[in-house]
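Chain and residue survey
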Amino acid sequence: MNGATLFWIIAGLALVGLEVVGGEFVLLMLGGGALAAAGTSAAGADTWVSALVFAVVSIGLLLLVRPPMKRHFLSGPKHAMNTDALLGARAEVIERVHEDGGLVRIGGEEWSARPARRSFVFEPGERLVVERIDGAIALVDKDFDTDFDTDTGAAPGVEPGA
């Protein structure tokens, strides 16, 4: 192993290691270019060829790999979490739901509830849909597709959370 190869390997690993501090994937792409240059240097290429490989690979990685990689890591969760997962879920009235409150079953759990539209009143056994969550209270409305499993809140043949 010659000195140039060792230089490119150390530079590549240092850049990849420093990426932990930055988190923007720029140093990671430059590290990839340095490791590619180390490969060309180890194959016996001249120093200027290794430098050219470093530049071309680094630019290519910055332009082609970094943008989709950054989008992937910065995008939000693909699955609804916490109370967001309850939006659109089916609910069954356990205790009369009116402007002052009530009780519904959502996914096997009991929730305090109010109608999403204040003038509505829902009686026990009615099937509703969760419009939004306000603190620990589910705001519910009439569900026009009432064929669902009251324990899981899922439509027939659909796995809960799908």
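Coordinates for the structure precede this section.
Cut-offs and rules
Residues numbered from 1 in each chain as written. Predicted model: local features only at pLDDT ≥ 70, side-chain atom pairs only at ≥ 80, totals over all residues. Heavy atoms only, no water. Core = buried A, V, L, I, M, F, W, Y, C linked by side-chain atoms within 4.5 Å. Buried < 20%, exposed > 50% of the residue type's maximum accessible area, 1.4 Å probe, protein only. Helix = DSSP H or I, 4+ residues; strand = E, 2+ residues; numbered from the N terminus. Contact = heavy atoms within 4.5 Å. Pairing = 2+ DSSP bridges. Axes fitted to C-alpha atoms, helices over the stretch in contact; angles between N-to-C directions. Left-handed = near helix turned anticlockwise from the far one by under 90°. Nonpolar A, V, L, I, M, F, W, Y, C, P; charged D, E, K, R; others polar.

Time to look at the nonpolar core. Grouped together as the largest cluster of nonpolar side chains are 15 residues, with contacts concentrated most on Val104, Ile106 and Val140. Those elements that provide at least two residues to this core are β1 (90-98), β2 (101-106), β3 (109-115), β4 (127-134) and β5 (137-142). When residues no more than four places from it in sequence are discounted, the contact partners of Val140 are Ala91, Val97, Ala113, Arg114, Pro115, Ala116, Phe122, Leu128, Val129, Val130 and Glu131.

In space, the five strands of this closed barrel follow the order β1-β2-β3-β5-β4, with mixed pairing throughout. The average angle at which neighbouring strand axes cross in this sheet is 50°, direction not considered. Bridging between β2 and β3 involves four bridges; their strand directions are antiparallel. Its bridge partner lying in β3, Val104 is registered against Trp111.

With that settled, the discussion passes to the packing of helix α2 (residues 26-42) against helix α3 (residues 47-74). Relative to each other, α2 and α3 sit at 145°, their axes nearing to 8 Å. When the axes of α2 and α3 are compared, the crossing they make is right-handed. In this structure, α2 uses Val26, Leu28, Met29, Leu30, Gly32, Gly33, Ala34, Ala36, Ala37, Thr40 and Ser41 to contact α3, whose residues at the interface are Ser50, Val53, Phe54, Val57, Ser58, Leu61, Leu62, Val65, Arg66 and Met69. Of the residues that constitute the contact of α2 with α3, the class distribution is 14 nonpolar, six polar and one charged.

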